[in-house]
Amino acid sequence: ERCPVSLADEAPFLLASNASLKDVRRRLFWKGRIGESFGIDMRRFRPNIVVDGALPWEEDTWKRIRIGKVEFQVWERCGGGLVK
């Protein structure tokens, strides 16, 4: 029997902001990992929803997000891996 493949570890969607990605790049740069700071992009974190216009990590505090007429409940922060 074939099982469907699901890439969702904890929730049906992963919410991320471009500001948070920019902050990750900045932190890598200041840690001396300059090449990595330019090479890392949003695909590495595999979000389904990416937002603009937020402060870095602000999305971790949201309880709900509305896209058009659809409102999503934000379950909890992603326990994603560290960039080593």
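In this text, all values refer to a predicted model and were calculated from it rather than measured experimentally.

Cut-off values and rules
- Residues numbered from 1 in each chain as written.
- Predicted model: local features only at pLDDT ≥ 70, side-chain atom pairs only at ≥ 80, totals over all residues.
- Heavy atoms only, no water.
- Phe/Tyr/Trp six-rings, centres within 6.5 Å; stacked < 30°, edge-to-face > 60°.
- Salt bridge = Lys/Arg side-chain N within 4 Å of Asp/Glu carboxyl O.
- Helix = DSSP H or I, 4+ residues; strand = E, 2+ residues; numbered from the N terminus.
- Buried < 20%, exposed > 50% of the residue type's maximum accessible area, 1.4 Å probe, protein only.
- Polar contact = N/O pair within 3.5 Å; in protein donor to acceptor, adjacent residues only side chain to side chain.
- Contact = heavy atoms within 4.5 Å.

Visitor: With reference to specific residues and values, describe the packing of aromatic side chains.
Guide: We describe a pair of aromatic rings using the distance from one ring centre to the other and the angle between the two ring planes. Summed over the entire model, instances satisfying the criterion amount to three aromatic pairs. Summarising the aromatic geometry, the rings of Phe29 and Trp30 are spaced 5.4 Å apart at their centres and angled 85° between planes, so their arrangement reads as edge-to-face. Centre to centre, the rings of Phe29 and Phe38 are 6.4 Å apart; their planes meet at 80°, and the pair counts as edge-to-face. One aromatic cluster is present, formed by Phe29, Trp30 and Phe38 through successive ring pairs.

Visitor: Could you give me a rundown of the pattern of salt bridges, with the residues and numbers involved?
Guide: Applying the stated criterion across every chain yields a total of six salt bridges. Two residues, Arg27 and Asp23, come together in a salt bridge whose shortest N-O distance is 2.6 Å. With Arg27 and Asp23 both in helix H1 (residues 18-30), this residue pair falls four residues apart, about one helical turn. Notably, a salt bridge pairs Glu71 with Arg66, separated by 2.9 Å at the nearest N-O pair. Residue class for Glu71 comes out partly exposed when judged on its relative accessible area of 41%. Its relative accessible area of 54% is what places Arg66 among the exposed residues. Salt bridges sharing partners connect three or more residues here, namely Asp23, Arg26 and Arg27.

Visitor: Please provide a residue-by-residue account of the side chain of Glu59, values included.
Guide: Structurally, the position occupied by Glu59 is in the loop between strand S2 (49-51) and strand S3 (64-67). Only 2.9 Å separates the side chain of Glu59 from the side chain of Ser17, close enough to count as a polar contact. The contacts of Glu59, once residues within four sequence positions are left out, are Leu15, Ala16, Ser17 and Ser20.

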